[in-house]
Amino acid sequence: MNPQVTFASLGLAEPILRAVSEAGYSTPTPIQAKAIPQVLAGGDLLAAAQTGTGKTAGFTLPLLHILSQTHTHPHPPGRPRCLILTPTRELAAQVQESVDTYGKHLPLSSLVMFGGVNINPQISALKKRVDILVATPGRLLDHVGQKTLDLSGVEILVLDEADRMLDMGFIRDIRKVLALLPKKRQNLLFSATFSDEIRELAHGLLHNPAEVEVAPRNTTAERVDQAVYLIGQKQKRELLAHLIKEKQWFQALVFTRTKHGANKLAEYLTKHDIGAAAIHGNKSQAARTRALAQFKDGSLPVLVATDIAARGLDIDQLPQVVNFELPNVAEDYVHRIGRTGRAGAAGNAISLVDNEEIKLLTAIERVIKRRIERAVAEDFVPSAGGEAAHDADHQREPLQRRGGRNGQGRSPAAAPARSERAGGGRAPAQPGGRAPARTRGEADGNRAARTGEAREPNGNRGSAPRPDVDGNRAVPARRVEVDGNRAPSANRRPEGNAPRPAGANPQRRPQPRAALFAAKPGGDKR
């Protein structure tokens, strides 16, 4: 990059330059230096840059400039001029923070909306002027359905982390949103990486876009030191606790593959005097926001997260990232470790890998085009009962399938029984140390079965118990067979007008043949 390039030389308005200077920045990053002029020119843009290079400012700064130049009064309430879509709540909050930071000296208003929180304050805010709206697709369409939002005045559309949004299945929602927007608008797609499929799809949404790419696709940050510890799955948590204490990590972001695993790992670390909290999609928004705030201010040493947090978490000078389990998609490794080593700062990333993850490790090394250094914790000795304790902690009972529509969902009375509350705590114990009964709780982020309901094996509905005879399932006794055919019911008349056999008793059923198996006691009720 040309060292003479400054924010002032990019043609941004003075109030924006003042806000940028107050934030401590003077020189744009490569993605900012290339993207800002393209956005200011008014055309569509497809921009790709590795995580931590300042993509957010790459579109917030120029769109603030454009909107400030055409700021008009009055403006209809609830009719934004710029729409920024993000895949996650955390990323939406981060983008909104950037808009507030760089636009604080401008007469522009902004609003962020996402699910997991009360919709009423958002409805109230939409009754006022909104220039910039940052939203997740689901909550945005909720407002559209309630007719509290008018998208007919959108001049600029931004899809942030577009590849993740499409990977997460938001393409249908995006198309619904596009149908509500005016055809004449500016479209910006910013992302960390673009696969060939994503690029093809993105080009279908853009109109003759300019392309900006400041780093090869799927490359990791140069200043991130990476290492791999080969360790059995059941010994990983012991090794992680050992490394945290030995290396005195005061701020570590740990990634797991599942929500259940994140909860269990956070509980284990807490039991071993290491402050930790889990953050994932099943956590309430209040619990997620609180955990993230504590992690940022340093009061929480370890944040355990699923890949929902792999995008959008912007933590200044995060020193350590840990892959407790490797991601199934190799490209996600880039986004995970991209949380450290941001904006040129040094960072460290380690991965705990067992034998079953070797193929995933090989795929990752193929994507990043380098071999990751193998490390050994020479002074680590697994405890004798560590594996048994791991198995005991990770036992999971089969769970009832979640209720659907038509009254099968969770009843209002069951809401307080959720194991994951907005406060993040457990339900208080009753006098005498007895825990309150849960009428319909949640286990491992899934809905638990009602009392008396049959459990479901492997997600399939279990059948009512039927006794077996000699290892064979019993047959019902009420409808027997005659000469290999099912006998008619007792009160059923013979078909047609055929006369009854002479001497036959109309009140008696034909004598059944001997059954192959013993009849089920109690009839055929299932």
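Please read all numbers here as calculations on a predicted model, not as lab measurements.

Enquirer: Can you help me understand the sheet that holds strand S1 (residues 45-48) in this one?
Expert: Strand pairs in the sheet, formed through backbone hydrogen bonds, run parallel or antiparallel to each other. Strand order in the open sheet formed by seven strands is S3-S4-S2-S5-S6-S1-S7, and the pairing between neighbours is parallel. The sheet is open, and its two edges are formed by strand S3 (110-113) and strand S7 (210-213), each paired on a single side. Across the sheet, the mean angle from the axis of one strand to that of its neighbour is 15°, orientation sign disregarded. The pairing of strand S5 (residues 156-160) with strand S6 (residues 186-191) spans five bridges and is parallel. Considered in S6, the bridge of Asp160 is made with Phe190.

Enquirer: In this structure, what is going on with the UniProt feature "short sequence motif: Q motif" (unreviewed entry) in the protein? I would like to understand it.
Expert: Per the UniProt record, "short sequence motif: Q motif" (unreviewed entry) is found at residues 5-33. Between the C-alpha atoms that bound residues 5-33 the distance is 7 Å, and the span itself is 45% helix and 0% strand.

Enquirer: What exactly am I supposed to notice about unusual backbone geometry here?
Expert: In most cases, non-glycine residues show a negative phi, while peptide bonds are predominantly trans. In this model, Gln248 sits at a positive phi of 55°, which is unusual for a non-glycine residue. The exposed category is assigned to Gln248, whose relative accessible area is 66%.

Enquirer: Sorry if this is basic, but what is going on with the pattern of salt bridges here?
Expert: Here the idea is simple: oppositely charged side chains can pair when their charged atoms come close. Within this structure, the stated rule accounts for eleven salt bridges. Lys55 is the salt-bridge partner of Glu161, the closest N and O atoms lying 3.9 Å from each other. Placement of the pair is Glu161 in the loop between S5 and helix H7 (162-167) and Lys55 in helix H3 (residues 55-69), with a sequence separation of 106 residues. Taking the relative accessible area as the measure of exposure, Glu161 reaches 3% and is therefore buried. A relative accessible area of 8% means that Lys55 is categorised as buried. Ionic pairing is found between Asp150 and Arg79, a salt bridge with its closest N-O pair at 3.8 Å. Taken together, the residues span a long stretch of sequence, with Asp150 in the loop between helix H6 (137-145) and S5 and Arg79 in the loop between H3 and strand S2 (82-85) at a distance of 71 residues. Because the salt bridges share partners, they merge into one network encompassing Lys236, Arg257 and Glu357.

Enquirer: Honestly, helix H12 (residues 285-297) in this entry has me stumped. Any pointers?
Expert: Each α-helix turn comprises 3.6 residues. Residues three or four places apart therefore point the same way. The end-to-end C-alpha separation of H12 is 18 Å, in line with the 18 Å expected for 13 residues at 1.5 Å each. The complete set of buried residues in H12 reads Gln285, Ala287, Arg288, Ala291, Leu292 and Phe295. Along the long axis of H12, the arc covered by the buried residues comes to 165°, so they all point the same way. Its buried side turned inward, H12 meets helix H4 (89-102), strand S9 (252-255), strand S10 (276-279) and strand S11 (302-305). With its phi angle positive at about 90°, Gly298 sits one or two positions after the end of H12.

Enquirer: Sorry if this is basic, but what is going on with the packing of helix H10 (residues 236-246) against helix H11 (residues 259-271) here?
Expert: Angle between the axes and distance between the axes: these two values describe a pair of packed helices. Contact geometry of H10 with H11 gives a least axis separation of 11 Å together with a crossing angle of 50°. Comparing their axes, H11 and H10 come out oblique. As H10 runs across H11, the sense of the crossing is right-handed. Along its contact with H10, which presents Arg237, Glu238, Leu240, Ala241 and Ile244, the element H11 presents Leu265, Tyr268 and Leu269. Of the residues belonging to the contact of H10 with H11, the class tally is six nonpolar, no polar and two charged.

Enquirer: How do you make sense of the packing of aromatic side chains when you look at a structure like this?
Expert: For any pair of aromatic rings, geometry is given as the distance between the ring centres together with the angle between the planes. Tallied over the entire structure, the rule returns one aromatic pair. Against the face of Phe324 rests Lys236, its NZ or CZ located 5.8 Å from the ring centre.

Enquirer: Can you walk me through the nonpolar core in this structure?
Expert: Here is a general trend for soluble globular proteins: nonpolar side chains tend to be buried in one another's company. Residues Leu61, Leu63, Leu64, Ile84 and Ile132 are the most contacted members of the largest nonpolar core, which totals 38 residues. If one sorts the elements of this core by residue count, H3 sits on top with six residues. With residues near it in sequence (within four places) discarded, Leu63 still touches Cys82, Ile84, Ile132, Ile156 and Val158. Leu133, Leu149, Ile174 and Leu189 belong to the second largest nonpolar core, which has 29 residues in total.

Conventions adopted
- Residues numbered from 1 in each chain as written.
- Predicted model: local features only at pLDDT ≥ 70, side-chain atom pairs only at ≥ 80, totals over all residues.
- Heavy atoms only, no water.
- Pairing = 2+ DSSP bridges.
- Helix = DSSP H or I, 4+ residues; strand = E, 2+ residues; numbered from the N terminus.
- Axes fitted to C-alpha atoms, helices over the stretch in contact; angles between N-to-C directions.
- UniProt positions renumbered as here; feature names shortened; annotations may be inferred.
- Buried < 20%, exposed > 50% of the residue type's maximum accessible area, 1.4 Å probe, protein only.
- Salt bridge = Lys/Arg side-chain N within 4 Å of Asp/Glu carboxyl O.
- Expected span 1.5 Å × (residues − 1).
- Arc of directions from axis to C-beta.
- Contact = heavy atoms within 4.5 Å.
- Parallel < 35°, antiparallel > 145°, perpendicular 65-115°, else oblique.
- Left-handed = near helix turned anticlockwise from the far one by under 90°.
- Nonpolar A, V, L, I, M, F, W, Y, C, P; charged D, E, K, R; others polar.
- Phe/Tyr/Trp six-rings, centres within 6.5 Å; stacked < 30°, edge-to-face > 60°.
- Lys NZ or Arg CZ within 6 Å of the ring centre and 35° of its normal.
- Core = buried A, V, L, I, M, F, W, Y, C linked by side-chain atoms within 4.5 Å.

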